[in-house]
Amino acid sequence: SLEASERSAAKAPKSVWHNRRHLFEYLANEVLEGLPDELQEFLLRCALLPELTVPRCEQISGNRRAADLLEEIERRRLFVSLLDSEALTLRLHDLFRDFLEERLRRLYPEEVPALLRLAAQGEEDPMRRALMFVRAGAWDEAQQSLADAAADMLAGDQGAQVIRIVEQFPADIQARSPLLAYVRGLCVWPHYQYDAVRSNMEHAATGFDALGRHDEAQRARAVQAMALFFCGHMEEARGLSQAVRAR
């Protein structure tokens, strides 16, 4: 059942998700509730992490016995895989992690945003960090993390994934954020949508200037000038590029 749930996609038949609910009930009644209370609480909070290591689990759970508890999780074979790493590193099965997070949100909903922020602050991968901040509703931090990750993701032809994350922001933030406008402009550049690049970079430059972030505004205007050139607006491109150089 676990293997089947891992293969199923969002468009899976309703029967799959019906079975998923039964699996959640099984995990609750036959697995989680049979564990010591300390281990239950530890698992619920650490389920927000993509990988379980001693420092990360101590940070998010506040439990200084993280090393002992991780060893117990491995010993009990609690739906985890052991990763090839110098330090003990476990990864929960996706379904088990989903179950634990659903349980955490039901039992301690007020803790979840703060726990996600903690998880994001200790996350080295900027894309995973951005997604955690998005899930926490920490929009400022999420924007900056996404901007930090965008260049590498675009180099890896992952612009569509960047756009999907941008679309998870509230509509009002999408409309006014210079960082998100800048990221959108970068994402459409490889698709030769130079007019969209131009408008997004113009929006970004104006917004950055209003925030006093003039270096970022200059960078956006430089990209805007290149987009104007490829749109065939030669004089406007030349004038803007001269204004950028002058500063």
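Refer to the structure presented above.
The text that follows walks through the structure, step by step, so that each part is easy to find. (Residues numbered from 1 in each chain as written. Predicted model: local features only at pLDDT ≥ 70, side-chain atom pairs only at ≥ 80, totals over all residues. Heavy atoms only, no water.)

### Focus on the nonpolar core
For step 1, the next point in the chain: Phe42, Leu43, Leu100 and Leu146 are the most contacted members of the largest nonpolar core, which has 55 residues in total.
For step 2, the next point in the chain: Examining the composition of this core, we find that 6 residues originate from one element, helix 8 (residues 126-136), more than from any other.
For step 3, the next point in the chain: Residues within four places of Leu43 in sequence aside, it is in contact with Leu32, Leu35, Ile73, Leu78, Leu92 and Leu100.
For step 4, the next point in the chain: Counting residues in each nonpolar core, the second largest holds 14 residues, with Ala181, Ala205, Ala217 and Ala220 among its members. (Core = buried A, V, L, I, M, F, W, Y, C linked by side-chain atoms within 4.5 Å. Buried < 20%, exposed > 50% of the residue type's maximum accessible area, 1.4 Å probe, protein only. Helix = DSSP H or I, 4+ residues; strand = E, 2+ residues; numbered from the N terminus. Contact = heavy atoms within 4.5 Å.)

### Observations concerning the pattern of salt bridges
For step 1, the next point in the chain: Across all of its chains, the model carries 23 salt bridges by this definition.
For step 2, the next point in the chain: With a shortest N-O distance of 2.8 Å, Asp94 and Arg97 are connected by a salt bridge. In this pair, Asp94 and Arg97 both sit in helix 6 (residues 94-107), 3 residues apart, roughly one turn of the helix.
For step 3, the next point in the chain: On the basis of relative accessibility, which here comes to 19%, the residue Arg97 falls in the buried class.
For step 4, the next point in the chain: Residue Arg135 pairs with Glu101 through a salt bridge whose shortest N-O separation is 2.5 Å. With Arg135 in helix 8 and Glu101 in helix 6, the pair connects residues that are 34 residues apart, well separated along the chain.
For step 5, the next point in the chain: Linked through salt bridges whose partners overlap, the residues forming this network are Glu51, Arg56, Arg91, Glu123 and Arg128. (Salt bridge = Lys/Arg side-chain N within 4 Å of Asp/Glu carboxyl O.)

### Digging into the packing of aromatic side chains
For step 1, the next point in the chain: For the structure on display, the rule yields 9 aromatic pairs.
For step 2, the next point in the chain: For the pair Trp189 and Phe230, a centre-to-centre distance of 5.8 Å together with 85° between the ring planes defines the contact as edge-to-face. Of this pair, Trp189 sits in the loop between helix 12 (178-188) and helix 13 (194-210) while Phe230 sits in helix 14 (residues 214-231), and the two are 41 residues apart along the sequence.
For step 3, the next point in the chain: On the basis of relative accessible area, Phe230 is assigned to the partly exposed category, the value being 46%. (Phe/Tyr/Trp six-rings, centres within 6.5 Å; stacked < 30°, edge-to-face > 60°.)

### Structural notes on the state of the cysteines
For step 1, the next point in the chain: For the coordinates displayed, the defined rule picks out 0 disulfides.
For step 2, the next point in the chain: For Cys46, which is in no disulfide, the shortest distance to another cysteine sulfur is to Cys57 and amounts to 3.6 Å.
For step 3, the next point in the chain: On the basis of relative accessibility, which here comes to 1%, the residue Cys46 falls in the buried class.
For step 4, the next point in the chain: Not engaged in a disulfide, the cysteine Cys187 finds its nearest cysteine sulfur in Cys231; these two sulfurs lie 17 Å apart.
For step 5, the next point in the chain: Given the relative accessible area of 3%, Cys187 is considered buried. (Disulfide = S-S within 2.5 Å.)

### Some words on the side chain of Ser61
For step 1, the next point in the chain: By the element assignment, Ser61 lies in helix 4 (residues 54-61).
For step 2, the next point in the chain: A distance of 2.5 Å separates a polar atom in the side chain of Ser61 from the backbone oxygen of Cys57.
For step 3, the next point in the chain: Polar side-chain contacts of Ser61 include one of 3.1 Å to the backbone nitrogen of Asn63.
For step 4, the next point in the chain: The contacts of Ser61, once residues within four sequence positions are left out, are Phe42, Arg45 and Cys46. (Polar contact = N/O pair within 3.5 Å; in protein donor to acceptor, adjacent residues only side chain to side chain.)

### Quick look at the packing of helix 13 against helix 14
For step 1, the next point in the chain: Closest axis-to-axis distance for the helix 13/helix 14 pair is 8 Å, and the angle between their directions is 160°. The pairing of helix 13 with helix 14 is recorded here as roughly antiparallel in orientation. The two elements helix 13 and helix 14 cross, and the hand of that crossing is left-handed. On helix 14, the residues touching Tyr194, Asp195, Val197, Arg198, Met201, Glu202, Ala204, Ala205, Phe208 and Asp209 of helix 13 are His214, Glu216, Ala217, Ala220, Arg221, Val223, Gln224, Ala227, Leu228, Phe230 and Cys231.
For step 2, the next point in the chain: Broken down by class, the residue content of the contact of helix 13 with helix 14 amounts to 13 nonpolar, 2 polar and 6 charged. (Axes fitted to C-alpha atoms, helices over the stretch in contact; angles between N-to-C directions. Parallel < 35°, antiparallel > 145°, perpendicular 65-115°, else oblique. Left-handed = near helix turned anticlockwise from the far one by under 90°. Nonpolar A, V, L, I, M, F, W, Y, C, P; charged D, E, K, R; others polar.)

### Notes on the layout of surface pockets
For step 1, the next point in the chain: Here the largest pocket defines a volume of roughly 380 Å³.
For step 2, the next point in the chain: Looking at the largest pocket, it is lined by 15 residues, and the ones nearest its centre are Leu48, Pro50, Arg97, Leu131 and Arg135.
For step 3, the next point in the chain: Among the elements of the structure, helix 6 and helix 8 are those that each provide at least two residues to the lining of the largest pocket. (1 Å grid on protein atoms, 1.4 Å probe; cavity = no way out; pocket = protein on both sides within 12 Å on 5 of 7 lines; lining within 4 Å. Points joined across faces, edges and corners; volume = space filled by probe spheres on them.)

### A few points about the side chain of Arg129
For step 1, the next point in the chain: Examined against the element boundaries, Arg129 turns out to sit in helix 8.
For step 2, the next point in the chain: Although Arg129 is buried, it makes no salt bridge; Asp148 carries the closest opposite charge, 4.4 Å away.
For step 3, the next point in the chain: Here Arg129 is in contact with Ala120, Glu123, Glu124, Ser145 and Asp148, once residues within four sequence places are set aside. (Lys, Arg positive; Asp, Glu negative; His and termini not counted.)

### Some words on the packing of helix 9 (residues 139-155) against helix 12
For step 1, the next point in the chain: Where helix 9 contacts helix 12, the axes come no closer than 10 Å and their chain directions differ by 10°. Compared by their axis directions, helix 9 and helix 12 come out roughly parallel. Between helix 9 and helix 12 lies a crossing of left-handed hand. For the pair helix 9 and helix 12, the contacting residues are Gln143, Gln144, Leu146, Ala147, Ala150 and Leu154 in the first and Leu179, Leu180, Val183, Leu186 and Cys187 in the second.

From the geometry alone we can't say anything about function, so treat these as descriptive.
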